Amino acid sequence: MRILSIQSSVSYGHVGNSAAVFPLQRIGVEVMPVYTVAFSNHTGYGAWRGPMFSGNDVREIVTGIEERGGLEGVDAVLSGYQGGDDIGDAILDAVDRVKQHSPNAIYACDPVLGNAVSGCHVAPEVQNLIRDRVVPRADLITPNQFELGFITGTTPTTLESTLESVERAREIGPKTVLVTSVERPERASDGVIEMLAVHGDGAWLIETPRLPLKANGSGDVTAALFTAHLTASGDAGDALARTASSVFTLLENTLASGQRELQLVESQEAYAHPSMQFEAKRVR
């Protein structure tokens, strides 16, 4: 499998491509990373150093890959946080180029906008970019529940309303939707958190214990692994179970370490050989 991953890069810690690339490689995926920034660390620290790249920079790198024949046989284009129209247009151009060479390739987009606690934390320009131009072009999106609501103009809370919101998103463009961080009043307890995958005519829900930490980059790992597993098998339930098991172990190891950054390398066996301790239940 070959994936073109257009995301940020940090030297210290793990977000964007610095979170997604190694787990993909560990499960046997050939990854071509293209960076949108090269920062010292993620911006959650409040201070960072390093350059942002322009849309033209991204286009030049993709053109170089194309000239080497590297866009042939690509299975997926993966993107995460998009800082504005400039980068967004370059990513969409890359998707077009890849699909010219690899017509069966999918575009998997993590539509990073915000969360239920803090609301949207991206500029209005980025909100419009994601909702109006990027999501309609995607084949697979991996929003959290808040982002799903923002994209569709709905307020998903229950399982039923979340499924309805997913269907609205699918009418816009993407045929596969993974909803992360699902919160609903009818879940088993406050001590669990769920993910929902909808693909084809099926929907699968998985529940894991809620761990007391917020780990930057875990969403990037989730999107990457789910994209790869679904592309490999076409089985959304199995892809969801594998992804949830791997990411939970990664978060467990991070919590046990007492460190702020993901214990990405230390958790590598969880990607290659997920324990499959959680079952994805078909709910539709």
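About the criteria used
- Residues numbered from 1 in each chain as written.
- Predicted model: local features only at pLDDT ≥ 70, side-chain atom pairs only at ≥ 80, totals over all residues.
- Heavy atoms only, no water.
- UniProt positions renumbered as here; feature names shortened; annotations may be inferred.
- Helix = DSSP H or I, 4+ residues; strand = E, 2+ residues; numbered from the N terminus.
- Contact = heavy atoms within 4.5 Å.
- Buried < 20%, exposed > 50% of the residue type's maximum accessible area, 1.4 Å probe, protein only.
- Polar contact = N/O pair within 3.5 Å; in protein donor to acceptor, adjacent residues only side chain to side chain.
- Salt bridge = Lys/Arg side-chain N within 4 Å of Asp/Glu carboxyl O.
- Pairing = 2+ DSSP bridges.
- Axes fitted to C-alpha atoms, helices over the stretch in contact; angles between N-to-C directions.
- Left-handed = near helix turned anticlockwise from the far one by under 90°.
- Nonpolar A, V, L, I, M, F, W, Y, C, P; charged D, E, K, R; others polar.

Visitor: Would you mind going over the UniProt feature "domain: Pyridoxamine kinase/Phosphomethylpyrimidine kinase" (unreviewed entry) in the protein with me for this structure?
Guide: Using the residue numbers shown here, the UniProt feature "domain: Pyridoxamine kinase/Phosphomethylpyrimidine kinase" (unreviewed entry) corresponds to residues 91-260. Taken as a whole, residues 91-260 contains 48% helix and 19% strand, while its terminal C-alpha atoms sit 30 Å from one another.

Visitor: Even after reading the chapter, I still don't get the environment of isoleucine 172, so can you show me in this structure?
Guide: Here isoleucine 172 shows up in helix α6 (residues 159-172). Sequence separation between isoleucine 172 and isoleucine 151 is 21 residues; the distance between their C-alpha atoms is 9.4 Å. With residues up to four places along the chain from it excluded, the contact list for isoleucine 172 reads Val135, Pro136 and Ile151.

Visitor: Just checking my understanding: could you explain the environment of isoleucine 141 for this structure?
Guide: Among the secondary structure elements, isoleucine 141 is positioned in strand β7 (residues 140-141). What makes isoleucine 141 buried here is its relative accessible area of 0%. Considering only alpha carbons, one finds isoleucine 141 and leucine 178, 37 residues apart in sequence, at a separation of 6.3 Å. Aside from chain neighbours lying at most four places away, what touches isoleucine 141 is Cys109, Pro111, Val135, Ala169, Pro174, Thr176, Val177 and Leu178.

Visitor: Just checking my understanding: could you explain the side chain of arginine 187 for this structure?
Guide: Counting through the fold element by element, arginine 187 comes out in the loop between β8 (176-182) and β9 (192-199). A polar contact of 3.2 Å, which involves the side chain of arginine 187, links it to the side chain of aspartate 190. Setting aside its immediate chain neighbours within four residues, arginine 187 contacts Val192, Glu194 and Arg210.

Visitor: Would you mind showing me how to read the pattern of salt bridges here?
Guide: Side chains carrying opposite charge are able to pair once their charged atoms draw close together. As enumerated under the stated definition, the model contains 17 salt bridges in all. Residue arginine 59 pairs with aspartate 93 through a salt bridge whose shortest N-O separation is 2.8 Å. Here arginine 59, found in helix α2 (residues 55-67), pairs with aspartate 93, found in helix α3 (residues 85-101); they are 34 residues apart in sequence, far enough to count as distant. A residue is classified by how much of its surface remains accessible, and aspartate 93, at 30% relative accessible area, is partly exposed. Among the ionic pairs, aspartate 201 bridges to arginine 282, the shortest N-O distance being 3.5 Å. Separated by 81 residues along the polypeptide, aspartate 201 in the loop between β9 and β10 (202-209) and arginine 282 in strand β11 (residues 281-282) bring together distant segments of the chain. Connected through shared salt-bridge partners, Glu183, Arg187, Asp190 and Arg210 make up one network.

Visitor: Looking at this model, I keep getting lost on the sheet that holds strand β1 (residues 2-10). Mind explaining?
Guide: As a general point, the strands of a sheet are linked pairwise by backbone hydrogen bonds and lie either parallel or antiparallel. Here we have nine strands laid out as an open sheet, ordered β2-β1-β3-β4-β7-β8-β9-β10-β11, and mixed in their pairing. With one partner strand each, in any of the chains shown, β2 (30-39) and β11 form the two edges of the open sheet. The pairing of β10 with β11 spans two bridges and is classified as antiparallel. Note on β11: the bridge partner recorded for leucine 205 is lysine 281. Sheet strands touched by helix α7 (residues 218-233): β1, β3 (76-79), β4 (106-109), β7, β8 and β9. Its angle to β8, the strand with the most contacts, is close to 145°.

Visitor: How do you make sense of unusual backbone geometry when you look at a structure like this?
Guide: Of all residues except glycine, most have a negative phi; of all peptide bonds, most are trans. Of note in the backbone geometry, serine 181 takes a positive phi value of approximately 55° without being a glycine. With respect to the helices and strands, serine 181 occurs in strand β8. Positive phi, close to 55°, is recorded for methionine 276, a residue that is not glycine. Structurally, methionine 276 can be placed in the loop between α9 (268-272) and β11.

Visitor: How should I be thinking about the packing of helix α1 (residues 17-26) against α7 in this particular structure?
Guide: A pair of packed helices can be characterised by two numbers: the angle between their axes and the separation between those axes. Relative orientation of the contacting elements α1 and α7 amounts to 35°, with a least axis distance of 8 Å. Pair α1 / α7 crosses with right-handed handedness. Taking contact as the criterion, the partners of Ala19, Ala20, Pro23 and Leu24 in α1 are, on α7, Asp220, Val221, Ala224, Leu225 and Ala228. Residues of the contact of α1 with α7, tallied by class, amount to eight nonpolar, no polar and one charged.

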